[in-house]
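# Structure at a glance
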Amino acid sequence: MSRDAPIQPAPVFDETFNLRLVDLFRWRRDVRRFTPDPVPDRLIEDLVAIAALAPSVGNSQPWRFVSVETPDRRQAVIANFNACNAAALNDYEGERAALYARLKLSGLREAPVHLAVFCDRATQAGSGLGRKTMPEVLDYSVVAAIHAFWLAARARGLGVGWVSIIDPLELAASLETPPDWKLIGYLCVGFPQEEHQDPELERQHWQAHLDENDRLLRR
Ligand SMILES: Cc1cc2nc3c(=O)[nH]c(=O)nc-3n(C[C@H](O)[C@H](O)[C@H](O)COP(=O)(O)O)c2cc1C
(Lines give C-alpha, C1' and ligand atoms only; values in the text may rest on other atoms or scores of the structure.)
Protein backbone atom coordinates (compact mmCIF):
# COMPACT_ATOMS: atom_id res chain seq x y z
CA MET A 1 0.00 0.00 0.00
CA SER A 2 1.53 3.30 -1.06
CA ARG A 3 0.82 6.73 0.42
CA ASP A 4 2.15 8.32 -2.77
CA ALA A 5 -0.93 7.54 -4.87
CA PRO A 6 -2.04 10.38 -7.17
CA ILE A 7 -4.54 12.77 -5.60
CA GLN A 8 -8.04 11.47 -6.15
CA PRO A 9 -11.46 12.93 -5.43
CA ALA A 10 -12.72 12.05 -1.95
CA PRO A 11 -14.70 8.80 -2.08
CA VAL A 12 -18.43 8.68 -1.41
CA PHE A 13 -19.29 6.10 1.23
CA ASP A 14 -22.80 5.14 0.13
CA GLU A 15 -25.47 3.38 2.15
CA THR A 16 -24.45 -0.07 0.94
CA PHE A 17 -20.90 0.58 2.08
CA ASN A 18 -22.11 1.84 5.43
CA LEU A 19 -24.25 -1.25 6.00
CA ARG A 20 -21.27 -3.47 5.15
CA LEU A 21 -19.09 -1.42 7.47
CA VAL A 22 -21.48 -2.08 10.35
CA ASP A 23 -21.34 -5.79 9.43
CA LEU A 24 -17.58 -5.59 9.78
CA PHE A 25 -17.87 -4.08 13.26
CA ARG A 26 -20.52 -6.65 14.24
CA TRP A 27 -18.53 -9.61 12.94
CA ARG A 28 -15.13 -8.60 14.29
CA ARG A 29 -14.33 -11.07 17.03
CA ASP A 30 -11.55 -11.74 19.47
CA VAL A 31 -10.29 -15.04 18.04
CA ARG A 32 -8.54 -17.77 20.02
CA ARG A 33 -8.97 -20.74 17.67
CA PHE A 34 -6.94 -20.66 14.48
CA THR A 35 -6.43 -23.01 11.56
CA PRO A 36 -2.80 -24.00 10.92
CA ASP A 37 -2.89 -22.28 7.52
CA PRO A 38 0.06 -19.94 7.11
CA VAL A 39 -0.57 -16.22 6.68
CA PRO A 40 1.37 -14.60 3.84
CA ASP A 41 3.97 -12.08 5.08
CA ARG A 42 2.66 -9.60 2.53
CA LEU A 43 -0.80 -9.68 4.12
CA ILE A 44 0.61 -8.83 7.54
CA GLU A 45 2.75 -6.05 6.05
CA ASP A 46 -0.34 -4.58 4.33
CA LEU A 47 -2.29 -4.71 7.58
CA VAL A 48 0.50 -2.97 9.49
CA ALA A 49 0.50 -0.27 6.79
CA ILE A 50 -3.27 0.14 7.22
CA ALA A 51 -2.88 0.28 11.00
CA ALA A 52 -0.42 3.13 10.47
CA LEU A 53 -3.29 5.20 8.99
CA ALA A 54 -4.77 5.41 12.51
CA PRO A 55 -5.08 8.72 14.32
CA SER A 56 -2.31 9.58 16.77
CA VAL A 57 -1.73 12.44 19.16
CA GLY A 58 0.23 15.18 17.40
CA ASN A 59 0.53 12.75 14.46
CA SER A 60 3.22 11.07 16.55
CA GLN A 61 2.60 7.57 15.05
CA PRO A 62 4.18 5.85 18.09
CA TRP A 63 3.14 2.27 17.14
CA ARG A 64 5.88 -0.33 16.81
CA PHE A 65 4.98 -3.85 15.67
CA VAL A 66 7.28 -6.74 16.56
CA SER A 67 6.68 -10.02 14.76
CA VAL A 68 7.63 -12.77 17.22
CA GLU A 69 8.90 -15.64 15.12
CA THR A 70 11.58 -17.77 16.76
CA PRO A 71 10.44 -20.90 18.68
CA ASP A 72 12.36 -19.96 21.84
CA ARG A 73 10.81 -16.50 21.99
CA ARG A 74 7.33 -17.88 21.36
CA GLN A 75 7.91 -20.42 24.10
CA ALA A 76 8.92 -17.62 26.48
CA VAL A 77 5.69 -15.77 25.65
CA ILE A 78 3.60 -18.88 26.27
CA ALA A 79 5.37 -19.48 29.62
CA ASN A 80 4.78 -15.83 30.51
CA PHE A 81 1.06 -16.18 29.69
CA ASN A 82 0.72 -19.47 31.59
CA ALA A 83 2.22 -17.97 34.76
CA CYS A 84 0.06 -14.83 34.58
CA ASN A 85 -3.05 -16.84 33.79
CA ALA A 86 -2.47 -19.13 36.78
CA ALA A 87 -2.05 -16.07 39.01
CA ALA A 88 -5.23 -14.54 37.60
CA LEU A 89 -7.15 -17.75 38.27
CA ASN A 90 -6.07 -17.53 41.93
CA ASP A 91 -8.00 -14.27 42.27
CA TYR A 92 -11.33 -16.02 41.66
CA GLU A 93 -13.24 -18.42 43.85
CA GLY A 94 -15.96 -21.02 43.51
CA GLU A 95 -17.97 -21.09 40.30
CA ARG A 96 -16.22 -18.01 38.90
CA ALA A 97 -12.87 -19.76 39.28
CA ALA A 98 -14.22 -22.92 37.64
CA LEU A 99 -15.60 -20.88 34.73
CA TYR A 100 -12.37 -18.88 34.37
CA ALA A 101 -10.37 -22.10 34.24
CA ARG A 102 -12.54 -23.32 31.35
CA LEU A 103 -12.15 -20.17 29.25
CA LYS A 104 -9.75 -20.21 26.35
CA LEU A 105 -8.00 -16.90 26.78
CA SER A 106 -5.39 -17.07 24.06
CA GLY A 107 -4.51 -18.83 20.85
CA LEU A 108 -0.79 -18.45 21.48
CA ARG A 109 -0.01 -22.09 20.67
CA GLU A 110 -2.05 -22.22 17.46
CA ALA A 111 -1.70 -18.76 15.95
CA PRO A 112 0.64 -18.71 12.94
CA VAL A 113 1.46 -15.04 13.53
CA HIS A 114 2.37 -13.34 16.81
CA LEU A 115 2.63 -9.55 16.93
CA ALA A 116 3.71 -7.64 20.00
CA VAL A 117 2.58 -4.05 19.66
CA PHE A 118 4.46 -1.36 21.54
CA CYS A 119 4.23 2.38 22.09
CA ASP A 120 7.52 4.21 21.60
CA ARG A 121 7.27 6.60 24.50
CA ALA A 122 10.55 8.27 23.54
CA THR A 123 9.41 9.29 20.10
CA GLN A 124 10.02 12.93 19.23
CA ALA A 125 7.49 12.79 16.40
CA GLY A 126 4.59 15.13 17.07
CA SER A 127 6.82 17.44 19.15
CA GLY A 128 4.88 16.66 22.30
CA LEU A 129 1.59 18.10 21.01
CA GLY A 130 -1.27 16.98 23.28
CA ARG A 131 0.98 14.94 25.54
CA LYS A 132 1.70 17.62 28.14
CA THR A 133 -1.82 17.53 29.50
CA MET A 134 -2.47 13.81 28.99
CA PRO A 135 0.76 11.79 28.58
CA GLU A 136 -1.25 8.58 28.26
CA VAL A 137 -2.64 9.66 24.89
CA LEU A 138 0.48 8.30 23.22
CA ASP A 139 -0.61 4.82 24.35
CA TYR A 140 -4.17 5.49 23.18
CA SER A 141 -2.81 6.21 19.71
CA VAL A 142 -1.39 2.69 19.59
CA VAL A 143 -4.73 1.26 20.69
CA ALA A 144 -6.32 3.09 17.74
CA ALA A 145 -3.79 1.46 15.41
CA ILE A 146 -4.49 -1.98 16.87
CA HIS A 147 -8.20 -1.50 16.33
CA ALA A 148 -7.61 -0.51 12.71
CA PHE A 149 -5.43 -3.61 12.27
CA TRP A 150 -8.11 -5.78 13.88
CA LEU A 151 -10.90 -4.57 11.58
CA ALA A 152 -8.81 -4.63 8.42
CA ALA A 153 -7.67 -8.17 9.29
CA ARG A 154 -11.28 -9.28 9.73
CA ALA A 155 -12.22 -7.76 6.38
CA ARG A 156 -9.54 -9.96 4.79
CA GLY A 157 -10.78 -13.11 6.50
CA LEU A 158 -8.14 -13.13 9.25
CA GLY A 159 -8.84 -13.39 12.95
CA VAL A 160 -7.07 -11.44 15.69
CA GLY A 161 -6.92 -12.24 19.40
CA TRP A 162 -5.67 -9.63 21.87
CA VAL A 163 -3.75 -11.14 24.77
CA SER A 164 -3.18 -8.98 27.83
CA ILE A 165 -2.57 -11.73 30.38
CA ILE A 166 1.16 -11.18 30.00
CA ASP A 167 3.82 -9.60 32.19
CA PRO A 168 4.88 -6.63 30.02
CA LEU A 169 8.39 -6.23 31.45
CA GLU A 170 9.14 -9.92 31.12
CA LEU A 171 7.86 -9.80 27.55
CA ALA A 172 10.03 -6.80 26.71
CA ALA A 173 13.04 -8.69 28.11
CA SER A 174 12.18 -11.76 26.03
CA LEU A 175 11.98 -9.65 22.89
CA GLU A 176 14.93 -7.36 23.74
CA THR A 177 12.97 -4.28 22.79
CA PRO A 178 14.20 -0.73 23.51
CA PRO A 179 13.63 0.39 27.12
CA ASP A 180 11.25 3.21 26.14
CA TRP A 181 8.86 0.92 24.34
CA LYS A 182 5.76 0.09 26.39
CA LEU A 183 3.76 -3.01 25.57
CA ILE A 184 0.21 -2.10 24.52
CA GLY A 185 -1.08 -5.41 23.18
CA TYR A 186 0.04 -8.87 22.16
CA LEU A 187 -1.83 -10.09 19.10
CA CYS A 188 -2.39 -13.62 17.85
CA VAL A 189 -3.24 -13.59 14.16
CA GLY A 190 -4.37 -16.32 11.80
CA PHE A 191 -7.32 -17.72 9.90
CA PRO A 192 -10.18 -18.42 12.33
CA GLN A 193 -11.66 -21.87 12.78
CA GLU A 194 -15.14 -20.43 13.20
CA GLU A 195 -17.16 -17.25 12.76
CA HIS A 196 -19.49 -15.81 15.37
CA GLN A 197 -21.65 -12.75 15.68
CA ASP A 198 -21.38 -12.76 19.48
CA PRO A 199 -18.28 -12.59 21.68
CA GLU A 200 -16.90 -15.81 23.13
CA LEU A 201 -17.15 -14.40 26.67
CA GLU A 202 -20.87 -13.89 26.12
CA ARG A 203 -21.29 -17.42 24.80
CA GLN A 204 -19.38 -18.80 27.80
CA HIS A 205 -21.58 -16.76 30.22
CA TRP A 206 -18.64 -14.79 31.59
CA GLN A 207 -19.99 -11.35 30.73
CA ALA A 208 -23.24 -10.50 28.98
CA HIS A 209 -23.69 -7.60 26.59
CA LEU A 210 -24.59 -4.48 28.56
CA ASP A 211 -27.68 -3.02 26.92
CA GLU A 212 -28.39 -0.76 29.86
CA ASN A 213 -25.06 1.08 29.52
CA ASP A 214 -25.42 4.83 29.62
CA ARG A 215 -23.37 5.38 26.54
CA LEU A 216 -24.25 8.94 25.84
CA LEU A 217 -24.75 11.62 28.44
CA ARG A 218 -25.81 15.13 27.61
CA ARG A 219 -24.78 18.10 29.68
C1 LIG B 1 -7.31 -4.28 25.74
C2 LIG B 1 -7.86 -5.67 25.53
C3 LIG B 1 -7.24 -6.75 26.14
C4 LIG B 1 -7.75 -8.04 25.96
N5 LIG B 1 -7.11 -9.12 26.53
C6 LIG B 1 -7.60 -10.36 26.34
C7 LIG B 1 -6.95 -11.51 26.87
O8 LIG B 1 -5.89 -11.45 27.49
N9 LIG B 1 -7.49 -12.72 26.65
C10 LIG B 1 -8.66 -12.87 25.95
O11 LIG B 1 -9.12 -13.99 25.79
N12 LIG B 1 -9.29 -11.81 25.41
C13 LIG B 1 -8.78 -10.58 25.58
N14 LIG B 1 -9.39 -9.50 25.01
C15 LIG B 1 -10.57 -9.73 24.18
C16 LIG B 1 -11.86 -9.47 24.93
O17 LIG B 1 -12.12 -10.53 25.81
C18 LIG B 1 -12.98 -9.34 23.90
O19 LIG B 1 -12.72 -8.23 23.10
C20 LIG B 1 -14.35 -9.17 24.55
O21 LIG B 1 -14.69 -10.31 25.27
C22 LIG B 1 -15.42 -8.91 23.50
O23 LIG B 1 -15.38 -9.91 22.51
P24 LIG B 1 -15.18 -9.56 20.98
O25 LIG B 1 -13.83 -8.89 20.83
O26 LIG B 1 -15.26 -10.87 20.25
O27 LIG B 1 -16.27 -8.61 20.60
C28 LIG B 1 -8.90 -8.23 25.17
C29 LIG B 1 -9.51 -7.13 24.55
C30 LIG B 1 -8.99 -5.87 24.73
C31 LIG B 1 -9.64 -4.70 24.02
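Residues numbered from 1 in each chain as written. Predicted model: local features only at pLDDT ≥ 70, side-chain atom pairs only at ≥ 80, totals over all residues. Heavy atoms only, no water.

Time to look at the sheet that holds strand S1 (residues 63-67). Taking strand neighbours across the sheet as the criterion, the four strands line up as S1-S2-S4-S3 in an open arrangement whose pairing is antiparallel. The two strands at the open ends of the sheet, each matched to only one other strand, are S1 and strand S3 (159-163). Along the sheet, successive strands turn relative to each other by an average axial angle of 30 degrees, direction set aside. The pairing of S1 with strand S2 (residues 113-120) spans five bridges and is antiparallel. Along S2, the bridge assignment pairs Ser67 with Leu115. Sitting on the sheet, helix H5 (residues 137-155) is in contact with S1, S2, S3 and strand S4 (181-190), with an inclination near 5 degrees to S4. Lying on the sheet, helix H6 (residues 168-175) is in contact with S1, S2 and S4; it crosses S2 at an angle near 110 degrees. (Pairing = 2+ DSSP bridges. Helix = DSSP H or I, 4+ residues; strand = E, 2+ residues; numbered from the N terminus. Axes fitted to C-alpha atoms, helices over the stretch in contact; angles between N-to-C directions. Contact = heavy atoms within 4.5 Å.)

Further remarks concern the side chain of Thr35. Residue placement: Thr35 occurs in the loop between helix H1 (15-27) and helix H2 (41-51). A distance of 2.9 Å separates a polar atom in the side chain of Thr35 from a polar atom in the side chain of Asp37. Setting aside residues no more than four positions away along its own chain, Thr35 makes contact with Pro112, Phe191, Pro192 and Gln193. (Polar contact = N/O pair within 3.5 Å; in protein donor to acceptor, adjacent residues only side chain to side chain.)

Next up on the list: the environment of Arg156. Assignment of secondary structure puts Arg156 in the loop between H5 and S3. C-alpha of Arg156 to C-alpha of Leu47: the two residues are 109 residues apart in sequence and 9.4 Å apart in space. The contact partners of Arg156, leaving out residues within four places of it in the chain, are Leu43, Leu47 and Ile50. A polar contact is formed between the side chain of Arg156 and the backbone oxygen of Ala152, at a distance of 3.2 Å.

Evaluated as defined, the whole model comprises seven aromatic pairs. A centroid spacing of 5.8 Å and a plane angle of 45 degrees characterise the contact between Phe118 and Trp181, whose relative ring orientation is tilted. Of the two residues, Phe118 is situated in strand S2 and Trp181 in strand S4; the sequence distance between them amounts to 63 residues. Phe118 sits in the buried class, given a relative accessible area of 0%. (Phe/Tyr/Trp six-rings, centres within 6.5 Å; stacked < 30°, edge-to-face > 60°. Buried < 20%, exposed > 50% of the residue type's maximum accessible area, 1.4 Å probe, protein only.)

Where burial is concerned, most of S4 is hidden: eight out of the 10 residues are buried. Both S2 and S4 contribute to a ladder of eight bridges, which runs antiparallel. Along S4, the bridge assignment pairs Val113 with Val189. As paired strands, S3 and S4 are joined by five bridges and run antiparallel to one another. Paired with Val160 across the strands is Val189, a residue of S4.

Attention shifts here to the side chain of Ser60. Here Ser60 shows up in the loop between H2 and S1. Take Ser60: its relative accessible area is 2%, and that puts it in the buried class. Here the side chain of Ser60 touches Val57 through a polar contact of 2.7 Å, landing on its backbone oxygen. Contact partners of Ser60, with chain neighbours within four places excluded, come to Thr123, Ala125, Gly126 and Leu138.

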